[in-house]
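# Structure at a glance
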Amino acid sequence: MLKITDLHAGIEEKKILKGINLEIKAGEVHAIMGPNGSGKSTLASVLAGRESFEVTGGSVAFQGKDLLEMSPEDRAREGMFLAFQYPVEIPGVSTTNFIKTAVNETRKYRGQEPLDAVAFLKLMKERMKLVQIDQSLLSRSLNEGFSGGEKKRNEIFQMAMLEPKLAILDETDSGLDIDALRIVANGVNQLRSKDNAFLVVTHYQRLLEYIVPDFVHVLYNGRIVKSGTKELALELEEKGYDFIKNELLVTEQA
Amino acid sequence: MYEENDDILGEVTSSEYKYGFVTDIESDDAPKGLNEDIIRFISAKKKEPGWLLEWRLKAYRHWLTMEEPTWPNVQYPAINYQDVIYYSAPKQKIAPNSLDEIDPELRRTFEKLGISLQEQKRLTGVAVDAVIDSVSIATTFKEELAELGIIFCSMSEAVQEHPELVRKYIGSVVPPTDNYFSALNSAVFTDGSFCFIPAGVRCPMELSTYFRINAANTGQFERTLIVAEAGAYVSYLEGCTAPMRDENQLHAAVVEIVAMEKAEVKYSTVQNWYPGDKDGHGGIYNFVTKRGICQGDYSKISWTQVETGSAITWKYPSVILKGDYSNGEFYSVAVTNNMQQADTGTKMIHLGKHTRSRIVSKGISAGKSNNSYRGLVQVGRNATNARNFSQCDSLLLGDKCGAHTFPYIEVKNNTAVVEHEATTSKIGEDQIFYCNQRGMDTETAVALIINGFAKEVMNQLPMEFAVEAQKLLAISLEGSVG
Ligand SMILES: Nc1ncnc2c1ncn2[C@@H]1O[C@H](COP(=O)(O)OP(=O)(O)O)[C@@H](O)[C@H]1O
Ligand SMILES: [Mg+2]
């Protein structure tokens, strides 16, 4: 599904990603953990096509296509979804209208007819249940005045509406209380299938108790320095990121 | 109304000013230039009564003593008023007695503009008066309206058929001496619409006038008069387009509204005159005076405007709140792109007690354009408990355009409450990226964001026109981002 090979990227003169290698297959859930500033959001942004970041080396294949050649909207239409760490507000545009435009633009790209009002409403009702989001919230301007938790839930709702092949969740857990966290995780779990994949970026292993990953990677200083299974997350939680740093120092000195 | 985004977005990719074509039809023109003979010529063409010719001449003589205003925040080379044709009428083979007899070429012109003059093809619930250059071509649904006592016809026809009403109200809200362009209009006005809603009648359909400039070197000077008697209600809409031409063309209209006790008039404009090209060549100078008077107690006048066209726009639809408890509203979206300039806003003049006004202005500037809001809220000595709320928001696309706000507040009664809020924002790269990430291209994203920004105003438009207006916003800003 996704194959990242020796990816380098940065902003202006600053190098942020320094050779990322990662392969994600359909049906898998990968978690990326790492301390603040290690480059997790940058990786998510580069994959989604944010132009302010410059890719200086490496390649990314997404479902066999050259991802880095595609515009951000085409990446989305090809099935890549990013749940933003900081979702933006768009005054005057209801979430309903926003997501309808998104769904129909994507359908247009795939040569499908736009969903009519009835079909759209039906789909929406169904997906609303998945993340227990309220109709009244969806009628309000997108993310305007939403609490942190509401914004994150709205991201997952949009994901459910767009049915992506690969969903990248960037710290969707931060700022959520335990109930909201359960709801979000439950939504993700219901959407999991053998045909799609998830890349879950998180700072804490708490989320991974609910969304159980197949693989865990530790991103540190722009590189994936350690990969393992969900036990790695527990180890990190127990020992803190310092243990990785120390381990690195040891290997570098050796 | 927000369900129609796909269509809008499809349209966004179609480039250029859509209405820039010219109809090839012979016209009956006055010679270029302005003098008393020209005014006599126009008046004679329209077979006007003597009092109206005198009224025109008086306005003209006053205009000669006036100076063109320089206070608006717009720049343009001096206009040579002797280089303009003040009367141009398309020559029709026969004078049409019914809608079926209209010259097919003219019918096609309006059809290309999306205006059908065949009643059965019209949007239900909308009556149209179609004006091309200096004359009205056709008015639909006249008979149906007449049964309710509603008069909806061209101004020229009103002068013939209802001279007493015209004489009573013309110039009663905007006197010929009001300003330079109203004086000019009073001297040379050619056509426009006349609406009269008798007491207690609620007009069952939207009334609308479609203005089209076709002939070259011609100015359009229409004059519209709407009178709503006690308890009457009407919603009126005007739309305007013009061919693409390299030279600037002058449009100096006057609109007057009179609302008697408990009457309500809603006036909506979708202004899409040719804006000129990317480098600022050509386009319409849109210098317009619009004013309504809430004459009776509990009356209400509401202006809604979507201004996307014209090289220069200079207009301030205003309300004189004379009746106690009367209510004035101004909702505006003004879009400027490329080299366009707009100086627009409103005046709310509170004279009666317990009068209320509400101003919502949304300015959107892109390219190298300049967009100014200019508004006056005046509360007179006797206007106890007057209330005003003004919200003026500006949205910038790019960093070469300008947005300015000039609010003037004059309060002579200390019971008044006047509130003014203003914001300026930019469409953020992160907003566009967010939309991109959901599968929208940048044009679609911009259209969505600006329609959201303008929503409060767009919601005021009659349903039939809201979708058109949304598309227009998107098209006007095409190519301004990315
Ligand atoms: N827009 C930016 N401009 C400059 N530096 C940035 C920008 N975005 C991220 N960085 C820097 O890149 C590094 C990685 O940031 P980020 O990817 O947000 O980390 P994480 O998500 O892992 O906390 C940090 O040092 C951060 O300061
Ligand atoms: Mg981050």
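Not measured: the values here are computed from a predicted model. (Residues numbered from 1 in each chain as written. Chains lettered and ligands numbered in written order. Predicted model: local features only at pLDDT ≥ 70, side-chain atom pairs only at ≥ 80, totals over all residues. Heavy atoms only, no water.)

## Things to note about the overall build of chain A
The helix and strand inventory of chain A stands at 10 helices and 12 strands. Over its C-alpha atoms chain A spans a radius of gyration of 18 Å, differing by no more than 12% from the 18 Å that the globule rule assigns to 254 residues. For the C-alpha atoms alone, the extent of chain A along its principal axes is close to 65 × 40 × 35 Å. Within chain A, counting contacts between residues at least 6 apart in sequence, those at least 24 apart form 68% of the total. Element-wise, carbon and sulfur atoms account for 49% of the exposed surface of chain A, whose accessible area totals about 11400 Å². (Helix = DSSP H or I, 4+ residues; strand = E, 2+ residues; numbered from the N terminus. Rg over C-alpha atoms; globule rule 2.2 N^0.38 Å. Contact = heavy atoms within 4.5 Å. Areas by Shrake-Rupley, 256 points an atom, 1.4 Å probe, with all protein chains shown as cover.)

## Points about the coordination of the magnesium ion (ligand 2)
Residue and element names in this part refer to chain A. Coordination of the magnesium ion (ligand 2) by the protein is provided by Ser41 (OG) and Gln85 (OE1), with metal-donor distances spanning 2.1 to 2.4 Å. Placement of Ser41 in helix 1 (residues 40-48) and of Gln85 in the loop between strand 6 (80-83) and strand 7 (90-94) is noted, with a sequence separation of 44 residues between them. Among the residues examined, Ser41 registers a relative accessible area of 26% and is labelled partly exposed. (Donors = N, O, S within 2.8 Å, 3.2 Å for Na, K, Ca; no water. Buried < 20%, exposed > 50% of the residue type's maximum accessible area, 1.4 Å probe, protein only.)

## Examining the packing of helix 3 (residues 50-64) of chain B against helix 8 (residues 180-188) of chain B
All names here are of chain B. At a minimum axis separation of 7 Å, helix 3 and helix 8 run at an interaxial angle of 145°. Here helix 3 and helix 8 pass one another in a crossing that is left-handed. Mapping the contact onto sequence places Trp55, Arg56, Ala59, Tyr60 and Trp63 in helix 3 and Tyr180, Ala183, Leu184, Ser186, Ala187 and Val188 in helix 8. Residues that form the contact of helix 3 with helix 8 fall into these classes: nine nonpolar, one polar and one charged. (Axes fitted to C-alpha atoms, helices over the stretch in contact; angles between N-to-C directions. Left-handed = near helix turned anticlockwise from the far one by under 90°. Nonpolar A, V, L, I, M, F, W, Y, C, P; charged D, E, K, R; others polar.)

## What to know about the site of ligand 1
Residues and elements named next belong to chain A. Taken together, Ile11, Lys14, Ile16, Pro35, Asn36, Gly37, Ser38, Gly39, Lys40, Ser41, Thr42 and Phe53 make up the full set of residues adjacent to ligand 1. Within the backbone of Ser41, an N or O atom sits 2.9 Å from an oxygen atom of ligand 1. In this structure, Thr42 approaches ligand 1 through a side-chain N or O atom, which is 2.5 Å from an oxygen atom. A total of 560 Å² of accessible area belongs to ligand 1 in isolation, and the protein chains cover 63% of it. (Near = heavy atom within 4 Å. Polar contact = N/O pair within 3.5 Å; in protein donor to acceptor, adjacent residues only side chain to side chain.)

## Considering the interface of chain B and chain A
How big an interface is tends to be expressed through the accessible area that disappears when the partners come together. Between chain B and chain A, the residue contacts involve 24 residues of the former and 34 residues of the latter. Summed over both sides, the interface between chain B and chain A buries roughly 2500 Å², with carbon and sulfur atoms accounting for 59% of that surface. B:Arg438 is the salt-bridge partner of A:Glu155, the closest N and O atoms lying 2.7 Å from each other. Here chain B and chain A share nine residue pairs in polar contact (both at pLDDT 80 or more) between them. Residue assignment for the side of chain B that touches chain A shows that the elements contributing at least two residues are helix 1 (5-12), helix 9 (429-437) and helix 10 (442-453) of chain B. (Buried area = accessible area lost by both parts, 1.4 Å probe. Salt bridge = Lys/Arg side-chain N within 4 Å of Asp/Glu carboxyl O.)

## Concerning the pattern of salt bridges
Under the definition given, this model contains 27 salt bridges over all chains. With its nearest N and O atoms 3.0 Å apart, the salt bridge here joins B:Lys32 to B:Asp83. One end of the pair, B:Lys32, is in the loop between strand 1 (27-29) and helix 2 (36-45); the other, B:Asp83, is in the loop between helix 3 and strand 2 (88-90), and 51 residues separate them in sequence. Assessed through its relative accessible area of 45%, B:Lys32 is described here as partly exposed. Judged by relative accessible area, B:Asp83 falls into the partly exposed class, the value being 39%. Salt bridges linked by common partners bring A:Asp74, A:Arg77, A:Glu105 and A:Lys108 together as one network.

## Some thoughts on the packing of aromatic side chains
The description of two aromatic rings rests on the distance between their centres and on the angle between their planes. Tallied over the entire structure, the rule returns 23 aromatic pairs over all chains. A centroid spacing of 5.8 Å and a plane angle of 45° characterise the contact between B:Trp71 and B:Tyr316, whose relative ring orientation is tilted. Residue B:Trp71 is located in the loop between helix 3 and strand 2, and its partner B:Tyr316 is located in the loop between strand 15 (312-315) and strand 16 (318-321); the two are separated by 245 residues in the primary sequence. Within the aromatic cluster, the residues linked to one another by ring pairs are B:Tyr60, B:Trp63, B:Trp71, B:Tyr76, B:Tyr81, B:Tyr180, B:Phe181, B:Tyr285, B:Phe287, B:Trp314 and B:Tyr316. Sitting above the plane of the A:Phe120 ring, A:Lys100 keeps its charged end 5.8 Å from the centroid. (Phe/Tyr/Trp six-rings, centres within 6.5 Å; stacked < 30°, edge-to-face > 60°. Lys NZ or Arg CZ within 6 Å of the ring centre and 35° of its normal.)

## A word on the confidence of the model for chain B
Do not read the fine detail of predicted coordinates wherever pLDDT is low. Residues and elements named next belong to chain B. Taken as a whole, chain B shows an average pLDDT of 86; of its residues, 84% reach a score of 70 or greater. Counting contacts from residues 1-15, a segment whose pLDDT is below 50, to residues more than four positions away or on other chains yields 38 contacts. Across the interface, the model reports ipTM at 0.96; the global pTM reads 0.84. (pLDDT = per-residue confidence, 0-100.)

## Focus on the sheet that holds strand 6 of chain A
All names here are of chain A. Pairing in this open sheet of six strands is mixed, and the strands run 6-9-10-3-11-12 from one edge to the other. Single-partner strands in this sheet number two, and they are strand 6 and strand 12 (223-228). Averaged over all pairs of adjacent strands, the angle between strand axes in this sheet comes to 20°, irrespective of strand direction. In the sheet, strand 11 (residues 215-220) pairs with strand 12 via five bridges, with the strands oriented antiparallel. Bridge pairing in strand 12 links Tyr220 to Arg223. Docked against the sheet, helix 6 (residues 148-162) engages strand 6, strand 9 (166-170) and strand 10 (197-202), running at close to 170° with respect to strand 6. With respect to the sheet, helix 9 (residues 230-239) is in contact with strand 3 (29-33), strand 11 and strand 12, its orientation differing from that of strand 11 by roughly 45°. (Pairing = 2+ DSSP bridges.)

## Description of unusual backbone geometry
Phi angles above zero are rare outside glycine, and A:Asn143 is one such case at about 65°. With respect to the helices and strands, A:Asn143 occurs in the loop between strand 8 (141-142) and helix 6. The phi dihedral of B:His354 is positive, around 55°, even though this residue is not glycine. In this fold, B:His354 is placed in the loop between strand 18 (341-350) and strand 19 (356-365). Overall, the relative accessible area of 26% leaves B:His354 in the partly exposed class.

## Focus: the pairing of strand 9 of chain A
Residues and elements named next belong to chain A. Burial of strand 9 is extensive: five of the five residues sit out of reach of the surface. Burial along strand 9 is two-sided: the face carrying Leu166, Ile168 and Asp170 and the face carrying Ala167 and Leu169 are both buried. Of the pairings in the sheet, the one linking strand 6 to strand 9 comprises four bridges and is parallel in character. Across the sheet, residue Leu82 finds its bridge partner in strand 9, namely Ile168. With respect to chirality, the unit in which strand 9 leads through helix 7 (residues 178-191) into the neighbouring parallel strand 10 is right-handed. (Right-handed = clockwise from strand over helix to strand, strands pointing away.)

## Topic: helix 9 of chain B
Note: α-helices contain 3.6 residues per turn, so residues at a spacing of three or four share the same orientation. Residues and elements named next belong to chain B. Counting buried positions over the nine residues of helix 9 gives seven, a clear majority of the element. Where helix 9 is concerned, the buried positions are Gln431, Ile432, Phe433, Tyr434, Cys435, Asn436 and Gln437. Directly beyond the C-terminal end of helix 9, a positive phi value near 95° is found at Gly439.

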